[in-house]
Amino acid sequence: RPPRSTLFPYTTLFRSPAAFIILIDQSGSMAETVVIDRKEVVKAKAVAFIVNMLIAELLNRSRREEGYRDYFDIAVLGYHGDEVASLWKNPNRMFMRPNDLIGNELSRVPVQRERRLPDGSTVVSSVCQKIWVEPYAGGKTPMYHALTECYRLCKAWCGAKAHRKSYPPTIFNITDGESSDGDDFKLQEIADSIKGLSTEDGAALLINIHISSDAERSPVLFPESKKELPDQRYARLLYDMSSEMPAIYNESIVQLRGRDGERFRGISYNAAMTDLVSMMNIGSVSANLLF
């Protein structure tokens with residue numbers, strides 16, 4: 001069942017954090033460049049930038065006058081070659097909470113950040129971006145292995161007594177290519193297994209972000225049907241693997257897409273940088289609902 005739309009009191013959220021698991025394709029093809037927002041960027045660098053922004057945003061939502069509250073469990077796993085590994089500074093840690101991450105970034109760099117306004121225009125500002133995740137590209141694409149590890153993490157997290165009343169986990173899988181270690185059936189099976197995990201508040205959400213090198217294709221965000229995607233086997237497989245978004249997300253999705261709709265899938269194809277940031281923020285809407 002979809003997550004409920006009622007608001008948690010802060011005390012309940014503090015006892016029952018929400019989980020975010022980010023899977024990053026770090027295969028060799030992520031060293032290729034793509035045109036995003038009319039700029040040529042290396043895929044791996046673009047993905048790391050987006051993920052670091054999401055982490056910073058989750059920490060910002062956790063900040064209170066007295067300090068940071070541990071509202072979230074955050075895992076970031078990279079997959080390449082035959083390896084799936086935690087990308088935190090301490091690779092032995094899977095989940096980190098806000099107070100674990102404060103002061104534990106790898107570095108800080110000045111970046112130009114674009115923010116889209118309601119009228120469609122963008123505003124550019126210079127900010128100091130904290131870096132927890134660095135870009136990497138090399139080897140094959142062991143997506144099945146990554147999703148299997150994600151299932152193991154989610155199952156253990158959902159099964160913990162302290163998380164039974166938590167908002168269900170949200171998983172972002174960011175990839176640019178076809179899996180090297182699983183056929184379509186196995187990938188669909190493991191995706192369905194992940195989506196079958198739940199807390200008392202609802203089922204886990206699996207959102208796939210497909211970064212395509214096809215500059216000729218228009219961006220697709222939260223499609224209502226496969227027909228919105230190109231006639232490409234892998235793009236449509238990722239559509240089937242993705243969760244149907246609960247109704248509480250609809251207003252934000254309609255605003256992002258610029259047109260009405262009712263039933264959306266958690267997938268993007270060939271999206272612009274600003275749209276990907278917006279998409280991941282929508283995917284973490286549980287944090288917005290809680291405050």
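In this text, all values refer to a predicted model and were calculated from it rather than measured experimentally.

J.: Explain helix α6 (residues 233–241) residue by residue, including any values.
T.: Within the sequence span of α6, burial applies to Tyr 234, Ala 235, Leu 237, Leu 238, Tyr 239 and Met 241. Against the buried residues of α6 lie α4 (143–159), β11 (170–175), α5 (184–195), β14 (205–210) and β16 (267–269).

J.: Hey, could you go over the pattern of salt bridges for me, with residue numbers and the actual values?
T.: Should their charged atoms come close, side chains of opposite charge can pair. Summed over all chains, the structure comprises 18 salt bridges. For Arg 69, the salt bridge goes to Glu 66, with nearest N and O atoms at 2.8 Å. With a relative accessible area of 57%, Glu 66 lands in the exposed category. Here Asp 73 makes a salt bridge to Arg 97, at a shortest N to O gap of 2.5 Å. Of this pair, Asp 73 sits in strand β6 (residues 72–80) while Arg 97 sits in the loop between β8 (95–96) and α3 (98–101), and the two are 24 residues apart along the sequence. A relative accessible area of 28% means that Arg 97 is categorised as partly exposed. Because the salt bridges share partners, they merge into one network encompassing Glu 224, Glu 228, Arg 257 and Arg 259.

J.: Explain the packing of aromatic side chains to me, and be specific about the residues and the numbers.
T.: Inspection of the entire model under this criterion finds two aromatic pairs. Look at Phe 20 and Phe 72: their rings are 5.7 Å apart centre to centre, the planes differ by 65°, and that puts the pair in the edge-to-face class. In this pair, Phe 20 sits in strand β1 (residues 18–25) while Phe 72 sits in strand β6, placing the two residues 52 residues apart along the sequence. Taking relative accessible area as the criterion, Phe 20 reaches 1% and is therefore assigned buried. Between Tyr 71 and Phe 72 the ring centres are 6.3 Å apart and the planes differ by 80°, which places this aromatic pair in the edge-to-face class. When sorted by exposure, Tyr 71 lands in the same class as Phe 72, which is buried. Each member of the aromatic cluster is reached from another via a ring pair, and the members are Phe 20, Tyr 71 and Phe 72.

Rules of the game
Residues numbered from 1 in each chain as written. Predicted model: local features only at pLDDT ≥ 70, side-chain atom pairs only at ≥ 80, totals over all residues. Heavy atoms only, no water. Buried < 20%, exposed > 50% of the residue type's maximum accessible area, 1.4 Å probe, protein only. Helix = DSSP H or I, 4+ residues; strand = E, 2+ residues; numbered from the N terminus. Contact = heavy atoms within 4.5 Å. Salt bridge = Lys/Arg side-chain N within 4 Å of Asp/Glu carboxyl O. Phe/Tyr/Trp six-rings, centres within 6.5 Å; stacked < 30°, edge-to-face > 60°.

Any functional reading would require information that these geometric values do not contain.
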